[in-house]
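Observations on the model geometry
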Amino acid sequence: MTETSLPKGRNSIDQNQFLTILSREEALERFEAALFPRDVPSEQRKLAGALGCTLAGDVVSPIDVPPFDRSNVDGFAVRSADLASATEFAPGHLMLNEEVIACGVAPAHPVLSGTATQIATGGPIPRGADAVVMVEHTQPSGVRAIEVRRGTSPGQFVSFAGSDIARGEVLLRAGTVIGSREIGMLAACGIAAVQVARSPRVAVMSTGDELVQPGEPLPPAAIYDTNGAIVTAAINENGGNAVFYGAVPDDEEQLEAAMRKALAGSDMVVLSGGTSKSAGDVSHRICARLGQPGIIAHGVALKPGKPLCLAVCDGKPVVILPGFPTSAMFTFHDMIVPVLRRWAGLPPRSDAKVTAKVPVRIASDLGRTEFVMVSLVEGVDGLIAYPSGKGSGAITSFAQADGFLRIDALADQMPAGTEAGVTLFTPHVRVPDLVIVGSHCTGLDLVTAPLARSGLAVRTIAVGSLGGLAAAKRGECDFAPIHLFDDKSETYNTPFLAQGLELVPGWRRMQGIVFQQGDQRFEGLSVEQAVRAAIADPGCIMVNRNQGAGTRILIDRLLGEARPDGYWNQPRSHNAVAAAVAQGRADWGMTIGPVARASNLGFIPLAEEHYDFALVTARKHRPAVQAFLNALASNEVRAALVNAGFRPA
Ligand code: AMP
Ligand code: MG
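Structure report, in brief. Per chain, residue numbering runs from 1 following the sequence as it is written. Both sets of labels track the order of writing: A upward for chains, 1 upward for ligands. pLDDT decides what is reported in this predicted model: residues at 70 or higher carry local features, side-chain atom pairs at 80 or more are listed and counted, and totals for whole chains, interfaces and linings draw on all residues regardless. Processing note: side-chain calculations cover all non-hydrogen atoms of the structure and skip hydrogens and water entirely.

**Digging into the overall build of the chain**
- Put simply, DSSP H or I for four residues or longer makes a helix, DSSP E for two residues or longer makes a strand, and each gets a number counted from the N terminus. The helix and strand tally for the chain stands at 15 helices and 38 strands.
- Its C-alpha radius of gyration of 36 Å places the chain more than 25% over the 26 Å reference for a compact globule of 649 residues.
- Dimensions of the chain, computed from C-alpha atoms along their principal axes, come out at roughly 120 × 75 × 45 Å.
- We call a residue buried when its accessible area falls under 20% of the maximum for its residue type, exposed when it is over 50%, and partly exposed in between, using a 1.4 Å probe and counting protein chains only. For the chain, the residues scored as buried account for 47% of the 649 residues in total.
- Across the chain, every contact between residues at least 6 apart in sequence was considered, and the portion connecting residues at least 24 apart equals 73%. The quantity called the radius of gyration is restricted to C-alpha atoms. Its globule counterpart is 2.2 Å times the number of residues to the power 0.38. Here, two residues are considered to be in contact whenever any of their heavy atoms come within 4.5 Å of each other.

**Overview of the pattern of salt bridges**
- We define a salt bridge as a side-chain nitrogen of Lys or Arg found within 4 Å of a carboxyl oxygen belonging to Asp or Glu. The final tally for this structure, using the stated rule, is 30 salt bridges.
- Glu 32 serves as the salt-bridge partner of Arg 342, at 4.0 Å between the closest nitrogen and oxygen. Of this pair, Arg 342 sits in helix H6 (residues 325-343) while Glu 32 sits in helix H1 (residues 24-35), placing them 310 residues apart in sequence.
- Among the residues examined, Arg 342 registers a relative accessible area of 40% and is labelled partly exposed.
- For Glu 32, a relative accessible area of 23% puts it in the partly exposed group.
- A salt bridge links Asp 487 to Arg 557, with the shortest nitrogen-to-oxygen separation between them at 2.8 Å.

**Looking at unusual backbone geometry**
- Here the residue pair Val 65 and Pro 66 is connected by a cis peptide bond, since its omega of -10° sits within 30 degrees of zero.
- Among the structural elements, Pro 66 can be located in the loop between strand E2 (59-60) and strand E3 (70-71).
- Cis peptide bonds are those with omega within 30 degrees of zero, and the linkage from Gln 292 to Pro 293 qualifies with -5°.
- Within the fold, Pro 293 resides in strand E18 (residues 293-298).
- Backbone geometry at Phe 157 places phi at a positive 60°, although glycine is not the residue there.
- By the secondary structure assignment, Phe 157 is in the loop between strand E9 (145-148) and strand E10 (158-159).
- One non-glycine residue with positive phi stands out, namely Asn 600, at about 60°.
- Within the fold, Asn 600 resides in the loop between helix H13 (593-598) and strand E37 (601-616).

**Digging into the sheet that holds strand E16 (residues 241-248)**
- At least two DSSP bridges between two strands are needed for those strands to be called paired. The strand order E16-E13-E17-E21-E20-E18 describes an open sheet built from 6 strands, whose pairing is mixed. Both outer strands of the open sheet, E16 and E18, are each paired with one neighbouring strand and no more. Pairwise comparison of adjacent strand axes, ignoring direction, gives a mean angle of 15° for this sheet.
- The sheet contact formed by strand E17 (residues 268-272) and strand E21 (residues 316-321) spans 4 bridges and is parallel. Angles here are taken between N-to-C directions and fall from 0 to 180 degrees, while the axes themselves are lines fitted to C-alpha atoms, restricted in helices to the stretch in contact.

**Looking at the pairing of strand E30 (residues 458-462)**
- Of the two faces of E30, the one lined by Arg 459 and Ile 461 is fully buried and the one lined by Val 458, Thr 460 and Ala 462 carries no buried residue.
- Bridging between strand E29 (residues 434-438) and E30 involves 5 bridges; their strand directions are parallel. Directly across from Gly 438, in E30, lies its bridge partner Ala 462.
- Place the viewer so that the strands point away; then a crossover is right-handed whenever the path from the first strand over the helix to the second strand goes clockwise. Traced from E29 through helix H8 (residues 442-453) to E30, the parallel crossover comes out right-handed.

**Overview of the environment of Gly 584**
- Inspection of the secondary structure puts Gly 584 in the loop between helix H12 (574-582) and strand E36 (588-592).
- Between the C-alpha atom of Gly 584 and that of Ser 439, which follows or precedes it by 145 residues, the distance is 26 Å.

**Brief notes about the packing of aromatic side chains**
- Any pair of Phe, Tyr and Trp rings, taking the six-membered ring for Trp, is counted once the centres come within 6.5 Å. Such a pair is stacked with planes under 30 degrees apart, edge-to-face with planes over 60 apart, and tilted for the rest. On inspection of all chains with the given rule, the structure shows 14 aromatic pairs.
- Considering the side-chain rings of Phe 371 and Phe 404, the 5.7 Å spacing of their centres and the 80° angle between planes classify their relative orientation as edge-to-face. One end of the pair, Phe 371, is in strand E24 (residues 369-379); the other, Phe 404, is in strand E26 (residues 403-407), and 33 residues separate them in sequence. Like Phe 371, the residue Phe 404 is buried in the burial classification.

**Some points on the environment of Ala 596**
- With respect to the secondary-structure elements, Ala 596 resides in helix H13.
- Ala 596 sits 567 residues away from Glu 29 along the chain, and the two C-alpha atoms are 53 Å apart.
- Non-local contacts of Ala 596, meaning those with residues more than four positions away in its chain, are made with Val 514, Thr 591, Leu 601 and Phe 603.

**Examining the packing of H8 against helix H15 (residues 635-643)**
- At a minimum axis distance of 9 Å, the contact between H8 and H15 shows a crossing angle of 150°. In terms of orientation, H8 and H15 fall into the roughly antiparallel class. The interaxial crossing formed by H8 with H15 has right-handed handedness. Contact residues: Gly 443, Leu 446, Val 447, Pro 450 and Arg 453 in H8; Glu 636, Val 637, Ala 640 and Leu 641 in H15.
- Under the grouping applied here, Gly and all other residues not named as nonpolar or charged are polar, the nonpolar ones being Ala, Val, Leu, Ile, Met, Phe, Trp, Tyr, Cys and Pro and the charged ones Asp, Glu, Lys and Arg. A per-class count over the contact of H8 with H15 returns 6 nonpolar, 1 polar and 2 charged. Oblique is the label for any angle not under 35 degrees, not over 145, and not in the 65 to 115 range, which are roughly parallel, roughly antiparallel and roughly perpendicular in turn. In this scheme, a crossing is called left-handed if the near helix is turned counterclockwise away from the far one by less than a right angle; it is called right-handed if the turn is clockwise.

**Things to note about the pairing of E36**
- Most of E36 sits out of view: 5 of its 5 residues are buried.
- Judged by which residues are buried, E36 turns out to be covered on both faces: Trp 588, Met 590 and Ile 592 on one side and Gly 589 and Thr 591 on the other are all buried.
- Looking at chain direction, strand E34 (residues 501-516) and E36 are connected through 4 bridges and run antiparallel. Bridge assignment links Val 514 to a residue of E36, and that residue is Gly 589.
- Pairing analysis gives 2 bridges linking strand E35 (residues 542-543) to E36, with the strands arranged parallel. Looking across to E36, one finds that Met 542 is bridged to Trp 588.

**Let's talk about the nonpolar core**
- The nonpolar core is taken to be a set of buried Ala, Val, Leu, Ile, Met, Phe, Trp, Tyr and Cys residues, with the residues joined through side-chain atoms within 4.5 Å. Among the nonpolar cores identified, the biggest contains 37 residues, and Ile 235, Leu 310, Leu 321, Phe 332 and Met 335 are the most heavily contacted of them.
- By residue number, the principal contributor to this core is H6, which donates 10 residues.
- If we ignore the near neighbours within four places in the chain, the residues touching Ile 235 are Val 202, Val 204, Gly 240, Asn 241, Ala 242, Val 270, Phe 332 and Leu 340.
- Among the nonpolar cores identified, the runner-up in size contains 32 residues, and Trp 507, Val 514, Ala 586 and Phe 628 belong to it.

**Topic: the sheet that holds strand E8 (residues 138-140)**
- One open sheet accounts for 6 strands, arranged E7-E4-E6-E5-E9-E8; its pairing is mixed. Each edge of the open sheet is held by one strand with a lone partner, namely strand E7 (131-134) and E8. Across the sheet, the mean angle separating the axes of adjacent strands is 40° when strand polarity is ignored.
- Pairing between E8 and E9: 3 bridges, direction antiparallel. Among the inter-strand pairings, Pro 140 is bridged to a residue of E9, identified as Ile 146.

What follows is the structure, given as structure tokens:
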């Protein structure tokens, strides 16, 4: 068998393909070459059901619109020659004809010279008449006659047949997406149904033993199937008709059966997960034997998104997106949307773009086109694009981001200060009224809640205390929430303020030891006793905090020289400590009271941490800043903070 139909002699079932990484451009080009050109299948739709569909062909008007010469005003149909020289001082006199032409009434009598026929707006112009005189410009004159005191030109107040749309004129072009205006035009021409592109039926599947559908309970080590929902929605957003087939375990037989069924019942299959080359990942192997020519690209120089697998099986596209939701979405938007839209007969997506300055250096892998999600904020002179980098496993960054920028495969970084093009996720930039950049705390949501209710857009970007301070110094935010402990002065936050920043006291958060309720090694002890007991028990595992965290300083003081098992597990947040203990990966750690309470853990209080706000003084006058300060001081918010376990300052 020859392989001339395959791109550059690639073997579609070659197991080592992942080693052959294609550039983004090359992969896209090969994929499109294997799928296009093709005729877009179409179907007939009644007008009522055509909203959002794409016209499969040009629509030509079968009639003139308006279909007859029509009066634009209420008045009298006349022969303009009779009134050519009419003036205030020499009015024209016209005898009225018997009939009155209302809308929908076909005239029966001609307008002869010296006569006029009363006509309503929309009425057909009678034979002989070539103009209409507005009723306001006439006066009754005796019985059945009028006086006209203005000159009248031919065609005055007449819409001629076909002046809006002429019979045979192309009304709408193929590829037009049908909106209410288009439906109106079609209706005006009497067109009741149109030929539209048939939305491709796209089967969506997820794969992974760990996946559980939303709404189901979450067993240990399982995660919710995010891609199923997000890919289904994104396909529907781009002209497809998605059908979700559920999540399939990483079992070659089951997955192959499911994929064959999906492929048979649809025009396209989009699977996510199982593309990396680990033992359990089998989807690409199956993909290679579903039809000809098989795999077009497996491994594309994208970050995130390298394990993307593109295949064409007997004419149908089969795509395997990487498992991480953000990787899945970038690759979907960048590589699959263009193909899907073309397949659906839609024009290429017109992404809104803006230029914004990148405030920090962004490192990038050489040789891979890298996508970076950004949040936009208004800086001193123009938009600032904040990278919201949480790693490819983070899904919230998608919701908080306004768009993304692309770092070229040939660049190993994007230097701070670069003016970068940002592709927006939404058609417009949503510039927030209030920008908070720094350390996040669940208490913060209680303060911003009344602002959000009053219609202010609040943007919170979690970058930690130090990142927040740096942003505040550059004037990129209104507030930086911080909880930084100064070892020397043994005080919180104030020693870290730079010029141009002032401290707004927030609240106190009690820090202490957490353990599983009922753990007799800790119940009823003081912090010092508990730590001593933990160090003495070799089976006891701790969870630490990252260097630089105020909590870490407290832990190190308590431990002295001791380095118990688990010391090097150093997560970066209070919540991660609680999760480690709650899930039994560690026996004890130090976190804040409200977090311990939310996880139902035992808690021995030690010392309060100060969570305050560095306010950029130059932005203090802004209404949203004042609203935040008022909310913070309000009884309602203070009570809510107390209720959640915080102590307002
Ligand atoms: P995989 O491509 O199967 O190796 O998956 C890579 C990562 O993405 C793993 O952490 C998976 O748990 C995760 N993942 C895979 N599929 C999904 C999904 N449908 N929703 C959420 N996460 C997923
Ligand atoms: Mg998997």
